[in-house]
Amino acid sequence: MINVIWFFMIIIGIVFAAVNGKLDMINGVVLENTGDAVSFAIGLTGIMATWLGLMKIAEKSGLIKGVGRALSPLMKLIFPDIPRDHPASTAIVMNVVANMFGAGNSATALGLKAMEELQKLNNKKDTATNAMAMFLVINMSSVQLIPLTVLKVRSDAGSLNPTEIIATTLMATGISTVVGIAICRLMERK
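**So, the overall build of the protein chain**
Part 1 of the reasoning: Scanning the protein chain from N- to C-terminus turns up nine helices and zero strands.
Part 2 of the reasoning: The order of helices and strands in the protein chain, counted from the N terminus, is α-α-α-α-α-α-α-α-α.
Part 3 of the reasoning: In terms of overall size, the protein chain is more extended than a compact globule, its C-alpha atoms giving a radius of gyration of 21 Å where 190 residues would be expected to give roughly 16 Å.
Part 4 of the reasoning: The principal-axis extent of the C-alpha atoms belonging to the protein chain is close to 65 × 40 × 30 Å.
Part 5 of the reasoning: Relative to its 190 residues, the protein chain shows a buried fraction of 28%.
Part 6 of the reasoning: At a minimum sequence separation of 6, the contacts of the protein chain that also span at least 24 residues come to 62%.
Part 7 of the reasoning: For the protein chain, the computed accessible surface area is about 12300 Å², with 70% contributed by carbon and sulfur atoms.

Below you can see the structure in the form of structure tokens.
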């Protein structure tokens, strides 16, 4: 559906430009912004590759399992339906840690793995479980300790102090996560 929306937005823009005799502006914007898009994508690819590599090293070294054990009481409280030491718990922890350090793009692959593992525990394959819904809420609100992608965008845009948003980001994402968990718990009771 989003592809259809984008398609119509582009077509409407081109038609509007043609009607107003400004097709040359579209060419200029396309040529100018495609270069910026490629540069931005390459920069994000570097961040994603770094964090995916670090997460793989942390997983192979046992650090993720250690963090998972440390977070086990909290995980059991938030995800009571997931059996102890199930791969879903590890995948969720890895996703949450990647999100905490602002590697949201890298966390996508880890989130897909977590959902795949949660689906293995699902008896009704066509219906999301409470654990799946809770994971999505936590993933979407994602507590941010270091919002790397935003810091990179701010730095690329010439911000004099790109890190000044860290405290407010941590506070906002922390509150959104707590509220999301609370609402999820209320909805589970219905």
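**A look at helix α1 (residues 2–19)**
Part 1 of the reasoning: Taking 1.5 Å of rise per residue, 18 residues should cover 26 Å, and α1 covers 26 Å from first to last C-alpha, within 8% of that figure.
Part 2 of the reasoning: Directly after α1, the chain includes glycine 21, whose backbone phi takes a positive value near 70 degrees.

**Quick word on the environment of valine 30**
Part 1 of the reasoning: Residue position: valine 30 is located in helix α2 (residues 23–61).
Part 2 of the reasoning: For valine 30, a relative accessible area of 45% puts it in the partly exposed group.

**Re the side chain of asparagine 139**
Part 1 of the reasoning: One can find asparagine 139 in helix α7 (residues 130–141).
Part 2 of the reasoning: Those residues within four positions of asparagine 139 in sequence are excluded, and the remaining contacts are Asn95 and Asn99.

**Observations concerning the packing of aromatic side chains**
Two measures describe an aromatic ring pair: the distance that separates the ring centres and the angle between the ring planes.
Part 1 of the reasoning: Tallied over the entire structure, the rule returns one aromatic pair.
Part 2 of the reasoning: Measuring from ring centre to ring centre gives 5.4 Å for phenylalanine 7 and phenylalanine 8, while their planes differ by 75 degrees; the resulting arrangement is edge-to-face.
Part 3 of the reasoning: Since its relative accessible area comes to 47%, phenylalanine 7 is described here as partly exposed.

Conventions and cut-offs
Residues numbered from 1 in each chain as written. Predicted model: local features only at pLDDT ≥ 70, side-chain atom pairs only at ≥ 80, totals over all residues. Heavy atoms only, no water. Helix = DSSP H or I, 4+ residues; strand = E, 2+ residues; numbered from the N terminus. Rg over C-alpha atoms; globule rule 2.2 N^0.38 Å. Buried < 20%, exposed > 50% of the residue type's maximum accessible area, 1.4 Å probe, protein only. Contact = heavy atoms within 4.5 Å. Areas by Shrake-Rupley, 256 points an atom, 1.4 Å probe, with all protein chains shown as cover. Expected span 1.5 Å × (residues − 1). Phe/Tyr/Trp six-rings, centres within 6.5 Å; stacked < 30°, edge-to-face > 60°.

Purely geometric stuff here, so don't read any function into it on its own.
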